[in-house]
Amino acid sequence: MDFCLSSAQQLLVATAREFLKKHCPPEMVQRLALDSHGFDAALWRRMAELGWQGLLVPVEFGGSGGSLLDVVVLVEEMARAGAPGPFVPSAVVATSLLLAAGTIEHKKRLLPGMAAGELLVGVALGHDGNTLLLDERGRLNGDARFVEAAHVADSLLVAARVGDERALVLLPSDRPGLARRALETIGPEKLFEVTCAEVAVNADDRLDPRWRDAVDAGALARTAELVGAAQRVLELAVEHAKTRVQGGRPIGGHQAIQHACADLVRDVDASRGLLYAAAWSASEGTPAAADVALAKAYASEACLSVARRGHQIFGAIGYCEEHLLHLLHKRILAASLDSGTTAEHLETVARSIGLGA
Amino acid sequence: MEFGFSPAEQAFADEVRAFLRERPLAQFPLDGMDAGYGSGAHSRAFLRALGERGWIAMCWPEAFGGRAAPMFFKLVLFEELALAGAPFGPLAGSWQTADAIIEYGSERLRREVLPAIARGDATFWQGYSEPDAGSDLLALKTEAHRDGDHYVIHGHKIWSSHAGIATHGLVFTRTSREARRSRGFSMFVVPNGTPGMDIRPIRSLTGGVYHYEVFLDDVRVPAELMLGPEGEGFQALLNGLDSDRFWGRFYKAPALERVLRRLVEHANATGAHTDAGLRRRLAAMAAEIAALRLLFYRAACLLRDGAPITYETAVAKVYADEMGQKLARLGIDLLGPWAPLRPGSHEARVDGEISHAYLTSLGHTIAGGTAEVLRTTVAVRGLGLPAEPRRA
């Protein structure tokens, strides 16, 4: 057993930290969070130059053929910096699904552009708020909600009901009948409602119907976001506890604050352990669904509690809009709700430990 | 990164499982109560069976009768035994003592005590706490003064686990008055039955006896039975605390997993599995146990690699002990009015394990460093927060 990052992963982390410090400082995170468009094309391009969007893309399609473990380590670092943008939906979820269930034409058409940072693919896979129905005429009708960054996506991967089945469909965003409308969230994520009215779906828009067997890369990546953002909350809170002086001594000299900080460490470390173990299982190709569900369910609760406890440690200053804390908190909240809710993941765990249906 | 076991570790796990199949646990008489930590009851017969397999000494250097197996073999053994609910109570203490003897024990301790540990014959109680020295260990009053080639120990120890059925005490004493409060302490390995030693049981809230208090009335021990450097005993103790906490709690995750499996079976059998709330709590508990196991394995990797440990074992210990309380609480909700029935009672469910687990878990967040003391350790030593002012 070994918990250490490989030397290549260490390099990835060090590069990412350095890059994000320079190109994605807290002021930028703030600005993009408050801006309704909230997408920085220059940052996205720079990330692509570093090969990030191509990390999961095989070499023959213009990427570097990294593992889920690599991408988890990178996403953790991005979330630590509060880096905005649709990396998870496009570079992780859509990329993984295209690889697992796309046709060779889909891959050739999209993956090289996605890896280069020139194409962006959004995803609408969740059950909640999804009424999309694909009928026998090949027409798609209904809504998909909570679709991240649909406003900048060139294509969308949407899940739709077909009879009793769920199909996965790839649609260009400008396909006639498809409309996008912003949902205003409290967080930095840009969510949309995608409405389809008689949208034509051709046979070659369909992906392999067994797509649901693909590893839940989205849940893993969201767990990495939870851990990365919670890690930053921990670092900020400890720094604050050391430097904020009241009554002649740092507040971190009081046991009440010390014990709160000790619990932050536990929650972050425990979440990260489950994250890495699940990502490792998935990268090794072993059945990882239960591990992923367990990690996501655990980290969602643990990291949200890190965020809330972080606010308590920071006191009044953490309540300000210009403080990074609430953005990290909102990011944790958003990640906890995406790619499967805690209830859904716990049900997967319940079955895996042998609880009868 | 690598989260699997090596083929050799896997093969050893299979070997332990085969042993557990060949030797059903019911064959082994129990001679001391299960304190709920996960290492089961005290059974000298079981310990001897492990000794016969060569498993107690397996990680010792060859010169001391071992075969220098990697440390992870101990984890594999612990995990398999705990998952099976085996009574290996004193094993962690035996290993810890053996490691100390190998590191800095006298020739006599190496010659006499090590082989007895390897056979499963020698087991140890810790004589650290005193009536007025609990979390503040340095307030202890037990003294040992030199008399020729002997030391004479005088004092009063308390909360010593299994002292009445162990063979030796590890008695922590003050051997000199020093300017610095943490200097001048020494440890002795004192055989039970040495004249002047009076060991009295303390009945606990479980109704059983796990702890003892020990009165030491001018107990004479040969100087060769001092363990570790004279006067530097506290530093040695501190250095060993992280591995104490680790080895004293590592098996808690698999032990909790065993209890959880029993609760899952019970829920399935009684229909409680259809209660959405209980279902979620059981699943969430499985996630917590998995997280705990990995915290311990991460600490294990640090110990194995000789990397510095600042907070990792303290975090894992507190988490393990609080999780044990949470699982017992969940078990009580699952069992309802059957929950308080004792092991052996008519109508007891899950063998009365939950009522026992609930009670014993109350002691776990206190023993071996309270949850409060350890959270402070995590904050000060691990995170670098300023320590509260304390006496010099």
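This one's a predicted model, so the numbers in the text were calculated from it and none came from an experiment.

Quick look at the overall build of chain B now. In terms of regular secondary structure, chain B is built from 11 helices and 8 strands. Considered along the principal axes of its C-alpha atoms, chain B spans approximately 70 × 50 × 45 Å. Going through the 392 residues of chain B one by one, you find that 48% of them count as buried. At a minimum sequence separation of 6, the contacts of chain B that also span at least 24 residues come to 68%.

A few words now on the overall build of chain A. Of regular secondary structure, chain A possesses 11 helices and 9 strands. Expected size for 357 residues packed as a compact globule is a radius of gyration near 21 Å; at 20 Å, chain A falls within 12% of this value. The dimensions of chain A, computed from C-alpha atoms along their principal axes, are 75 × 45 × 40 Å.

Let us look at the domain arrangement of chain A. All names here are of chain A. Under the domain assignment, chain A is made up of domain 1 (7-115), domain 2 (121-209) and domain 3 (215-352). At the interface, 20 residues of domain 1 touch 22 residues of domain 3. Secondary-structure elements contributing two or more residues to the side of domain 1 that touches domain 3 are α2 (26-34), α4 (68-80) and α5 (87-101). Per-element tally for the side of domain 1 that touches domain 3: the top contributor is α4, with 10 residues. Class assignment of the residues belonging to the side of domain 1 that touches domain 3 gives a composition of 13 nonpolar, 4 polar and 3 charged.

Residue and element names in this part refer to chain A. Buried residues dominate strand β4 (residues 155-162), accounting for 6 of its 8 residues. Bridge count between β4 and strand β5 (residues 165-172): 8 bridges; the pairing is antiparallel. Counted as the bridge partner of Val162 is Glu165 from β5. Hairpin geometry of β4 and β5 is characterised by an intervening segment of 2 residues between the two adjacent antiparallel strands and by a positive phi of about 60 degrees at Gly163.

Let us now look at the interface of chain A and chain B. Taken residue by residue, the interface counts 38 residues in chain A and 35 residues in chain B. Of all the secondary structure elements, the ones that give two or more residues to the side of chain A that touches chain B are α7 (217-243), α8 (255-284), α9 (289-314) and α11 (342-352) of chain A. When residues of the side of chain A that touches chain B are assigned to their parent elements, the largest contribution, 15 residues, is made by α8 of chain A. Across the side of chain A that touches chain B, the residue classes tally to 25 nonpolar, 9 polar and 4 charged.

All names here are of chain B. Taking 1.5 Å of rise per residue, 14 residues should cover 20 Å, and helix α4 (residues 91-104) covers 20 Å from first to last C-alpha, within 8% of that figure. All of the buried residues in α4 are Leu91, Ala92, Gly93, Ser94, Thr97, Ala98 and Ile101. Packing partners of the buried residues in α4 comprise α2 (44-52), α5 (107-119), β1 (124-127), β4 (168-174), β8 (226-227) and α6 (233-249).

Looking now at the nonpolar core. Judged by nonpolar contacts, the single largest core of 237 residues is most densely connected at Leu274 of chain A together with Phe188 of chain B. Per-element accounting of this core gives the leading share, 16 residues, to helix α8 (residues 276-305) of chain B. The residues contacting Leu274 of chain A, other than those within four sequence positions of it, are Leu294, Ala295, Tyr298 and Ala299 of chain A together with Ala290, Ala291 and Leu294 of chain B. Ranked by size, the runner-up nonpolar core spans 5 residues in total, among them Met33, Tyr37, Ala41 and Tyr210 of chain B.

On to the environment of Arg309 of chain A. Residues and elements named next belong to chain A. You can see Arg309 is positioned in helix α9. When the C-alpha atoms of Arg309 and Arg181 are compared, they prove to be 35 Å apart, with 128 residues separating the residues in sequence. In contact with Arg309, not counting residues within four places along its chain, are Ala260, Asp263 and Leu264.

Time to look at the domain arrangement of chain B. All names here are of chain B. Each assigned domain of chain B is listed here: domain 1 (7-122), domain 2 (126-231) and domain 3 (251-382). Spacing between the C-alpha centres of domain 1 and domain 2 amounts to 25 Å. By residue number, the principal contributor to the side of domain 1 that touches domain 2 is α4, which donates 4 residues.

All names here are of chain A. One can describe the packing of α7 onto α8 by two numbers: an axis separation of 9 Å at closest approach and a directional angle of 155 degrees. Classified by the angle their axes make, α7 and α8 are roughly antiparallel. You can see that α7 and α8 cross each other, and the crossing is left-handed. Only Ile257, Cys261, Leu264, Val265, Asp267, Val268, Ser271, Arg272, Leu275, Ala278, Ala279 and Ala282 of α8 make contact with α7, whose side of the interface consists of Leu220, Thr223, Ala224, Leu226, Val227, Ala230, Gln231, Leu234, Ala237, Val238 and Ala241.

Below, the discussion takes up the pairing of β1 of chain B. Residue and element names in this part refer to chain B. Of the two faces of β1, the one carrying Phe124 and Gln126 and the one carrying Trp125 and Gly127 are both buried. In terms of strand pairing, β1 meets β4 through 4 bridges, oriented parallel. Residue pairing for β4: Gln126 is matched across the bridge by Leu170.

Residues and elements named next belong to chain A. With their axes 9 Å apart at the nearest point, α7 and α9 run at an angle of 25 degrees to one another. As judged from the angle between their axes, α7 and α9 are roughly parallel. The two elements α7 and α9 meet at a crossing, and its hand is left-handed. Along the lines of polarity and charge, the residues of the contact of α7 with α9 split into 18 nonpolar, 4 polar and 2 charged.

A few words now on helix α10 (residues 353-364) of chain B. All names here are of chain B. Given a rise of 1.5 Å per residue, 12 residues ought to cover 16 Å, and the 16 Å separating the end C-alpha atoms of α10 matches this to within 8%. Across the 12 residues of α10, 10 count as buried, placing the element largely inside the fold. Of all the residues in α10, the buried ones are Glu353, Ile354, Ser355, His356, Ala357, Tyr358, Thr360, Ser361, Gly363 and His364. Where α10 is buried, its residues touch α7 (252-270) and α9 (312-335).

As a further point, take unusual backbone geometry. Phi is positive for Glu198 of chain A, which is not a glycine, with a value near 55 degrees. On the secondary structure map, Glu198 of chain A appears in strand β7 (residues 191-200). Judged by local crowding, Glu198 of chain A falls into the exposed class, with 11 C-beta atoms found within 10 Å. We note that Glu347 of chain B has phi near 75 degrees; this positive angle belongs to a residue other than glycine. As for its position among the elements, Glu347 of chain B is in the loop between α9 and α10.

Residue and element names in this part refer to chain B. Looking at the element boundaries, Arg177 is found in the loop between β4 and β5 (185-191). You can call Arg177 exposed: it has 8 C-beta atoms within 10 Å. A C-alpha to C-alpha distance of 23 Å links Arg177 and Ile158, two positions 19 residues apart in sequence.

When pLDDT is averaged along chain B, the result is 95; 99% of the residues meet or exceed 70. Among the scores for the predicted complex, ipTM is 0.96 and pTM is 0.96.

All names here are of chain B. Tracing the sequence through the fold places Leu341 in the loop between α9 and α10. The partly exposed category is assigned to Leu341, around which 18 C-beta atoms lie within 10 Å. Remark: the alpha-carbon pair of Leu341 and Glu353, spanning 12 residues in sequence, is separated by 9.0 Å. In this structure Leu341 touches Glu347, Ala348, Gly352 and Ser355, once residues within four positions along its chain are discounted.

Conventions and cut-offs
- Residues numbered from 1 in each chain as written.
- Chains lettered and ligands numbered in written order.
- Predicted model: local features only at pLDDT ≥ 70, side-chain atom pairs only at ≥ 80, totals over all residues.
- Helix = DSSP H or I, 4+ residues; strand = E, 2+ residues; numbered from the N terminus.
- Buried ≥ 20, exposed ≤ 12 C-beta atoms within 10 Å, placed from the backbone.
- Contact = placed C-beta atoms within 7 Å.
- Rg over C-alpha atoms; globule rule 2.2 N^0.38 Å.
- Domains from an automatic or database assignment.
- Nonpolar A, V, L, I, M, F, W, Y, C, P; charged D, E, K, R; others polar.
- Pairing = 2+ DSSP bridges.
- Expected span 1.5 Å × (residues − 1).
- Core = buried A, V, L, I, M, F, W, Y, C linked by C-beta atoms within 7 Å.
- Axes fitted to C-alpha atoms, helices over the stretch in contact; angles between N-to-C directions.
- Parallel < 35°, antiparallel > 145°, perpendicular 65-115°, else oblique.
- Left-handed = near helix turned anticlockwise from the far one by under 90°.
- pLDDT = per-residue confidence, 0-100.

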